[in-house]
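Structural description and commentary
Now for the letters of each chain:
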Number of protein chains: 2
Amino acid sequence: MKRLAVLLSGRGSNFIAIHDAMLRGEIPGAEIALVLSNKADAPGLATARERGLISVAIPSKGMKRDEHDQAVIAELQRAEVDLVILAGYMRLLTPAFIAAFPQRILNIHPSLLPAFPGLDAQHQAFDYGAQIAGCTVHFVDEQMDHGVIVLQRAIAVNPDDTAESLSARILHEEHIAYAEAIRRVLSGNYTICNRRFIPKKN
Amino acid sequence: MKRLAVLLSGRGSNFIAIHDAMLRGEIPGAEIALVLSNKADAPGLATARERGLISVAIPSKGMKRDEHDQAVIAELQRAEVDLVILAGYMRLLTPAFIAAFPQRILNIHPSLLPAFPGLDAQHQAFDYGAQIAGCTVHFVDEQMDHGVIVLQRAIAVNPDDTAESLSARILHEEHIAYAEAIRRVLSGNYTICNRRFIPKKN
């Protein structure tokens, strides 16, 4: 079984969607080895406990960034994690963290990168007047919202959308995209050519 | 009848697609009043002549940019043009040009703006490893590839795509998008709220 760690700071709606997909058998050969948060009171951590998953809080408050990252890395290595899933983990990772899990950290961003990086991507897209929005699952590298793209999903912005209704529909796509991207990566059935993630034919 | 001017510097494949759509009755209430190029030998200009359309060459070579733009503006005003369609017109427009046709100049760009502005957008998207590509029809403003978006169309990048096969499929989407965007704008049935182009309900 491939062992996943999910890192979150909040509700963890993507964590829940991924776990639900696993329970439905949609991510075969994988299990969630632990759910880790930098906030002890993150609702996603409570959900993990309710679901019988191992949950770990390593509070970041008052800790230096690299000290905190080292503690997290140690925890992930102890749990023999194969893939690290960021699901609303509101921390920039240090280069040491990224180097410890090369091409084994995934993040999801609520826009079609490279458009609208950074915070509040859905509002950015709405305010820009984009008519196609979406989400991106990508490997994490040293630059923010930048690594190799595993999967993108697009949706149309409707004339009667608000930023909130658009955000809700993007979130729905995120839940589908993240499970599919994890399947793709765990299959190992791909090559990366420069920045291009290329699934192999079976 | 609404009078369109098409400006091009090359083959004008979008010009041909727009004219074909008109011949099929898909852009009702509109006609091409003239096809204008800054290059006397632009193949699109020859096509315009073959199709019995008024064609005008105003060579830009050796002319100052604002002189040339003034000559083009005069020609468009003489022809009482309602909407200016850029179809591979390889010139940056002066502010005077844009001011002469406020929210009445359309351009098409082969990416989902604001991603991949500038030259060779299709290759940029391919090299970036984008998995969703597309095209954008937008009003022209003072900034390059920036004005209010009238329409975007998205396509998936396939694992076996080359930059060339991707470009060809984007071009196909451009031909559909430009005719539809012209219909939307000519209908007058929209509002622009900040940067958002919002079609009105009938």
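Described in the following lines is the structure provided in the data block. (Residues numbered from 1 in each chain as written. Chains lettered and ligands numbered in written order. Predicted model: local features only at pLDDT ≥ 70, side-chain atom pairs only at ≥ 80, totals over all residues. Heavy atoms only, no water.)

1. What about the pattern of salt bridges?
All told, the structure shown has 16 salt bridges over all chains when counted by the stated rule. Here Arg169(A) ties to Asp161(A) by a salt bridge, and the two come within 2.1 Å at their closest N and O atoms. Owing to a relative accessible area of 7%, Asp161(A) belongs among the buried residues under this scheme. The closest approach of N and O atoms between Glu75(B) and Arg78(B), which form a salt bridge, is 2.7 Å. On the criterion of helical spacing, the pair formed by Glu75(B) and Arg78(B) is a turn pair, its members being 3 residues apart in helix H3 (residues 65-78). Relative accessible area serves as the criterion here: at 18%, Glu75(B) is assigned to the buried category. Since its relative accessible area comes to 60%, Arg78(B) is described here as exposed. One connected set of salt bridges, linked through shared partners, spans Glu180(A), Arg183(A) and Arg184(A). (Salt bridge = Lys/Arg side-chain N within 4 Å of Asp/Glu carboxyl O. Buried < 20%, exposed > 50% of the residue type's maximum accessible area, 1.4 Å probe, protein only. Helix = DSSP H or I, 4+ residues; strand = E, 2+ residues; numbered from the N terminus.)

2. Regarding empty space enclosed by the protein
One pass over the full model with this rule turns up 1 cavity of 30 Å³ or more. Here the largest cavity is characterised by a volume of approximately 180 Å³. Leu112(A), Ala115(A), Leu112(B), Ala115(B) and Ile132(B) are the residues nearest the centre of the largest cavity, which is lined by 27 residues in total. Mapped by element, the contributors of at least two residues to the lining of the largest cavity are strand E6 (132-139) of chain A together with strand E6 (132-139) of chain B. (1 Å grid on protein atoms, 1.4 Å probe; cavity = no way out; pocket = protein on both sides within 12 Å on 5 of 7 lines; lining within 4 Å. Points joined across faces, edges and corners; volume = space filled by probe spheres on them.)

3. What to know about the packing of helix H5 (residues 121-128) of chain A against helix H6 (residues 163-187) of chain A
All names here are of chain A. Taken N-terminus to C-terminus, the directions of H5 and H6 make an angle of 125°; their axes are 9 Å apart at the nearest point. With respect to each other, H5 and H6 are oriented oblique. For the pair H5 and H6, the crossing hand works out as right-handed. Packed against H5, whose contacting residues are Gln122, His123 and Phe126, the element H6 presents Ala163, Glu164, Leu166, Ser167, Ile170 and Glu174 at the interface. Among the residues forming the contact of H5 with H6, the class breakdown is 4 nonpolar, 3 polar and 2 charged. (Axes fitted to C-alpha atoms, helices over the stretch in contact; angles between N-to-C directions. Parallel < 35°, antiparallel > 145°, perpendicular 65-115°, else oblique. Left-handed = near helix turned anticlockwise from the far one by under 90°. Contact = heavy atoms within 4.5 Å. Nonpolar A, V, L, I, M, F, W, Y, C, P; charged D, E, K, R; others polar.)

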